[in-house]
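Spelled out, the chains give:
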Amino acid sequence: MDLYKIYADNAATTKMSGAAINAMMPYITEYYGNPSSLYSFGQKAREAVEAARESVAKCIGAQPREITFTSGGSEADNQAILSAAALGRKSGKMHIISDEIEHHAVLHTLKKLEKEGFSVTYLPAHSDGIVRVEELEAAVREDTCLVTIMYANNEIGTIQPIKQIGEICRNKKILFHTDAVQAVGHIPLNVVSEYIDMLSASAHKFHGPKGIGFLYARKGIRLTNLIEGGAQERGRRAGTENVPAIVAMAAALNEAVGHVGEYSNKASALRDRLIAGLSEIPHSALNGDAVKRLPSNVSFCFEGIEGESLLLLLDDKGICASSGSACTSGSLDPSHVLLAIGRVHDVAHGSLRLTLGDDATEEDVDYIIKSVKEVVEYLRGFSPVWRDLCNGKGKFIL
Ligand SMILES: *Cc1c(COP(=O)(O)O)cnc(C)c1O
């Protein structure tokens, strides 16, 4: 049943692809054996898991042994950071470099480590939402054990200079982790040529199922397991493998990576059409760099309105959008990402994130532009903040 006309919240989650559903079905209905069982029925599941590992590895330029399946992006982020911290602690290196616009899976893990005695440098993301390589280089210390910088931001879509960061870390022998949950399957990437030591990914962001993801860790990096139990995943992640989800993730990723160039061209043209249309709204601004951004991400702030009201009215028009990340919505605090790029509280509250799917059309984009224009005008019509601004009480920022 199609409740919604346009789903424009693909950064929150995506629809499972037909390829992913078809790939997983036999492992739900027929081949439900435990991959750790010795009889051939179980081995059928084992083979599927290992074929999926090989396929996933190939999609990012890694070796199969370097892939550990996890419950998703959050777990992969936690495991990568805690593993690097454990190695750092052993050698007396307790400094970590990250940035202000990371996902909470990274930020909250870092906060926990700070309580345990680690010191963390959070690089600024500047007004364009991009960290500066020189600032990163300057922040490196003798006791730096980890650099963790996301590949692409989930709220404002900005893409970081990952290869340059990776090269610096490799030269200085510092572990480099990247939360690539928004990038994998959406833009081309390669862990070898970009000097990435650890990378987190999540299937439901690239048309796979929810609750499954993976952590890539370069050969030789010792991972700390977060879950104790059986010897699955070569002792790095206990628990019976989620075979159907693993198989579906591999199918989804393979498909996404297979048409990443075509998708990127089509999506960025629609994105730019949407940005141009929304820019016509007075006192509005695009969040983050216009060029170094994900092909599907459009993030705006509109002065004088509340993002929540905007979302509800867009919902009435059949548009699913978000005001930031799904994790911060529901709380009244403005997004830490928007504050980090210099949006003041009032402006950050009037934010809108639209992340188009690969089936989006120009008609969809034009309908979104028309709807947002109407809703913003309507809301400003009875906003006291807007009235004050128009009457010269207070100053327009955007
Ligand atoms: C969605 C997301 C996560 C969390 O992934 P889950 O699989 O939902 O745990 C982590 N980082 C980023 C950048 C994300 O967009």
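For the structure, see preceding data.
Bear in mind that the values here come from a model prediction, so they are computed numbers and not experimental data.

Undergrad: Just to check I follow, could you spell out helix 2 (residues 40-60) for this structure?
TA: Within an α-helix, residues lying three or four positions from one another point in the same direction, as the helix has 3.6 residues per turn. Between its first and last C-alpha, helix 2 extends 30 Å over 21 residues, near the 30 Å set by a 1.5 Å rise per residue. Buried residues of helix 2: Gly42, Ala45, Ala48, Val49, Ala52, Arg53, Val56, Ala57, Cys59 and Ile60, and no others. The buried residues of helix 2 occupy an angular sector of 165° when the element is viewed end-on, so they sit on one face. Among the exposed residues of helix 2, those oriented more than 90 degrees off its buried face are Ser40, Glu47, Glu54 and Lys58. Downstream of helix 2 by a residue or two, glycine 61 has a phi angle that is positive, lying close to 80°.

Undergrad: Explain the packing of aromatic side chains here, please?
TA: A ring pair, where both rings are aromatic, is described by two values, the distance of the centres and the angle of the planes. Scanning the model with the defined rule gives five aromatic pairs in all. Ring centres of tyrosine 378 and phenylalanine 382 lie 5.2 Å apart, and the angle between their planes is 90°; on these two criteria the pair is classed as edge-to-face. Owing to a relative accessible area of 51%, phenylalanine 382 belongs among the exposed residues under this scheme. For the pair tryptophan 386 and phenylalanine 396, a centre-to-centre distance of 5.4 Å together with 65° between the ring planes defines the contact as edge-to-face. On the criterion of sequence distance, the pair formed by tryptophan 386 in helix 13 (residues 384-390) and phenylalanine 396 in the segment after helix 13 is long-range, its members being ten residues apart.

Undergrad: Can you walk me through unusual backbone geometry in this structure?
TA: Note: most peptide bonds trans; most residues except glycine with negative phi. A positive phi angle, near 55°, is found at tyrosine 195, a position not held by glycine. Relative to the elements of secondary structure, tyrosine 195 occurs in the loop between strand 6 (175-179) and strand 7 (198-202). One non-glycine residue, histidine 207, adopts positive backbone phi at about 70°.

Undergrad: Hey, could you run me through the environment of leucine 352 in this one?
TA: Within the secondary structure, leucine 352 is located in strand 12 (residues 351-355). Judged by its relative accessible area of 2%, leucine 352 falls in the buried class. Remark: the alpha-carbon pair of leucine 352 and cysteine 145, spanning 207 residues in sequence, is separated by 37 Å. Not counting residues within four places of it along the chain, the set of residues in contact with leucine 352 comprises Val298, Ser299, Phe300, Phe302, Leu310, Leu311, Leu314, Ala321, Ser322, Ser323 and Val372.

Undergrad: Got a minute to help me understand a nonpolar patch on the surface in this structure?
TA: A cluster of nonpolar side chains, contributed by Ile21, Met25 and Ile28, occupies part of the molecular surface with about 250 Å² of accessible area. Positionally, methionine 25 belongs in helix 1 (residues 18-29). We classify methionine 25 as partly exposed; its relative accessible area is 39%.

Undergrad: How should the packing of helix 9 (residues 307-316) against helix 12 (residues 362-381) be read in this particular structure?
TA: Each pair of packed helices can be summarised by the angle the axes make with each other and by the distance between the axes. Relative orientation of the contacting elements helix 9 and helix 12 amounts to 130°, with a least axis distance of 10 Å. Between helix 9 and helix 12, the angle falls in the class oblique. Helix 9 and helix 12 meet at a crossing whose hand is right-handed. Across from Ser309, Leu310, Leu313 and Leu314 in helix 9, the residues of helix 12 making contact are Ser371, Val372, Val375, Val376, Tyr378 and Leu379. When its residues are assigned to classes, the contact of helix 9 with helix 12 shows eight nonpolar, two polar and no charged.

Criteria and cut-off values
- Residues numbered from 1 in each chain as written.
- Predicted model: local features only at pLDDT ≥ 70, side-chain atom pairs only at ≥ 80, totals over all residues.
- Heavy atoms only, no water.
- Helix = DSSP H or I, 4+ residues; strand = E, 2+ residues; numbered from the N terminus.
- Expected span 1.5 Å × (residues − 1).
- Buried < 20%, exposed > 50% of the residue type's maximum accessible area, 1.4 Å probe, protein only.
- Arc of directions from axis to C-beta.
- Phe/Tyr/Trp six-rings, centres within 6.5 Å; stacked < 30°, edge-to-face > 60°.
- Contact = heavy atoms within 4.5 Å.
- Patch = residues over 30% accessible without salt bridge, like charges linked within 9 Å, V, L, I, M, F, W, Y side chains within 5 Å.
- Areas by Shrake-Rupley, 256 points an atom, 1.4 Å probe, with all protein chains shown as cover.
- Salt bridge = Lys/Arg side-chain N within 4 Å of Asp/Glu carboxyl O.
- Axes fitted to C-alpha atoms, helices over the stretch in contact; angles between N-to-C directions.
- Parallel < 35°, antiparallel > 145°, perpendicular 65-115°, else oblique.
- Left-handed = near helix turned anticlockwise from the far one by under 90°.
- Nonpolar A, V, L, I, M, F, W, Y, C, P; charged D, E, K, R; others polar.

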